[in-house]
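# Per-entry structural report
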Amino acid sequence: MESYALLLGAMLSAGTVLAIASLGLLINEKAGVVNLGAEGMMLCAAIAGFAAYVHTHNAWLGFLAGMAAGAALAAVFGVLAIWLNTNQYATGLALSLFGVGFSAFVGINYVQARAPGGLGMSIPVLGDIPFVGPALFRHHPLVYVAVLLTFALIWFLYRTRAGLVLRSVGESPESAHALGYPVRRIRLMAVVAGGALCGLAGAYLSVVYTGLWVENMVAGRGWIALALTTFATWRPLRVLLGAYLFGGVTQLGFHLQSQGVHVPSQFLSMMPYVATIVVLALISRNPAFIRANMPASIGRPFHPGS
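Note that the structure is predicted; figures quoted are calculated from it, not measured.

A few words now on the overall build of the chain. Per the secondary structure count, the chain includes 13 helices and 0 strands. Sequence-ordered secondary structure for the chain, helices as α and strands as β, is α-α-α-α-α-α-α-α-α-α-α-α-α. C-alpha atoms of the chain, sized along the principal axes, occupy 65 × 45 × 40 Å. Split into buried and exposed, the 306 residues of the chain put 50% on the buried side. Total accessible area on the chain stands at roughly 14000 Å², and carbon and sulfur atoms take up 69% of it.

Spelled out as structure tokens, the structure:
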């Protein structure tokens with residue numbers, strides 16, 4: 001039973017990275033913008049957050065540094081794609097490639113560094129409950145923040161006027177513009193907010209989840225987060241559940257190895273990506289379902305006066 005509790009705990013911790021990043025990308029896409037630069041933003045945020053943590057010994061400053069790095073890169077993407085009307089897909093890919101190279105260059109001096117550590121947490125009383133305690137109540141606060149963010153985003157998108165405006169910008173920017181809403185400004189704010197969440201996910205990865213910096217350590221999680229938004233049909237709660245599902249897939253192989261089941265390391269490395277392809281293939285069997293849930297203007301530039 002203890003091994004299964006550890007597996008569940010590892011699934012929640014691994015899924016948190018994907019959940020926070022996917023929620024950020026969901027905000028972007030609800031506003032009608034596709035940012036394929038998640039991988040690059042998360043990498044730059046990971047090195048920014050890790051460097052800040054190493055020098056200040058304050059994990060929360062590391063998270064803030066990661067969010068600032070993600071938001072800054074997202075702002076650059078937003079200016080190019082929203083104001084200058086560059087192709088969103090090409091600009092996002094360029095941002096991703098830039099992030100891979102820039103983070104590797106900046107992180108050279110941090111490859112051998114170790115995070116100060118001491119970030120473990122156990123909720124009093126609840127953390128001591130057999131099975132449930134190790135599985136659910138011995139995580140870093142950001143694991144629980146990811147759950148709160150999900151429900152906060154649900155409330156924002158579907159219970160507030162600002163959320164309605166954001167969704168209207170993604171569904172019909174021309175109509176929103178005709179009503180007097182600054183479409184480009186709203187999209188830029190959504191992109192920056194999404195970049196900040198991707199940055200938080202990258203900082204969590206280096207500061208808490210691994211506690212070190214390794215070149216290209218995001219290892220495709222940015223692309224999986226992008227796929228998760230489609231997998232979840234642009235619904236925040238489904239994003240959270242999907243993130244935990246993919247987190248469980250990444251940890252299952254290690255659990256099997258700990259139980260004495262021989263699993264090739266190459267198979268473990270490819271499992272999350274195989275799962276992503278399988279899920280997207282299954283969802284794509286019903287394109288009408290995707291179109292019914294997808295923001296109508298996603299990926300389409302907005303031209304005032306057109």
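The structure having been displayed, the exposition proceeds.
Running from N to C, helix H3 (residues 59-83) and helix H4 (residues 88-106) cross one another at 150 degrees; their axes reach a closest spacing of 10 Å. As summarised for this structure, H3 and H4 are arranged roughly antiparallel, according to the angle between their axes. When the axes of H3 and H4 are compared, the crossing they make is right-handed. For the pair H3 and H4, contact is made by Leu73, Phe77, Leu80 and Ala81 and by Gln88, Thr91, Gly92, Leu95 and Phe98, respectively. A class-by-class count of the residues in the contact of H3 with H4 yields 6 nonpolar, 3 polar and no charged.

This paragraph deals with helix H10 (residues 221-231). Among all positions in H10, only Gly222, Ile224, Ala225, Leu226, Ala227, Leu228 and Thr229 are buried. Threonine 233 sits one or two residues past H10 and shows a positive phi near 50 degrees.

To continue, consider the side chain of arginine 187. Note on placement: arginine 187 falls in helix H9 (residues 183-209). Among buried charged residues, arginine 187 stands out as having no salt bridge; its nearest opposite-charge side chain is glutamate 174, 7.2 Å away.

Following both chains from N to C, one finds helix H2 (residues 38-56) and H3 inclined at 150 degrees, their axes separated by 7 Å at the closest point. Classed by the angle they form, the pair H2 and H3 counts as roughly antiparallel. Pair H2 / H3 crosses with right-handed handedness. Taken together, the residues of H3 that come into contact with H2 (itself represented by Gly40, Met41, Cys44, Ala45, Ala48, Gly49, Ala52, Tyr53 and Thr56) are Ala59, Leu61, Gly62, Ala65, Gly66, Ala69, Gly70, Leu73 and Ala74. Here the contact of H2 with H3 is composed, by residue class, of 12 nonpolar, 6 polar and no charged.

Calculation notes
- Residues numbered from 1 in each chain as written.
- Predicted model: local features only at pLDDT ≥ 70, side-chain atom pairs only at ≥ 80, totals over all residues.
- Heavy atoms only, no water.
- Helix = DSSP H or I, 4+ residues; strand = E, 2+ residues; numbered from the N terminus.
- Buried < 20%, exposed > 50% of the residue type's maximum accessible area, 1.4 Å probe, protein only.
- Areas by Shrake-Rupley, 256 points an atom, 1.4 Å probe, with all protein chains shown as cover.
- Axes fitted to C-alpha atoms, helices over the stretch in contact; angles between N-to-C directions.
- Parallel < 35°, antiparallel > 145°, perpendicular 65-115°, else oblique.
- Left-handed = near helix turned anticlockwise from the far one by under 90°.
- Contact = heavy atoms within 4.5 Å.
- Nonpolar A, V, L, I, M, F, W, Y, C, P; charged D, E, K, R; others polar.
- Lys, Arg positive; Asp, Glu negative; His and termini not counted.
- Salt bridge = Lys/Arg side-chain N within 4 Å of Asp/Glu carboxyl O.

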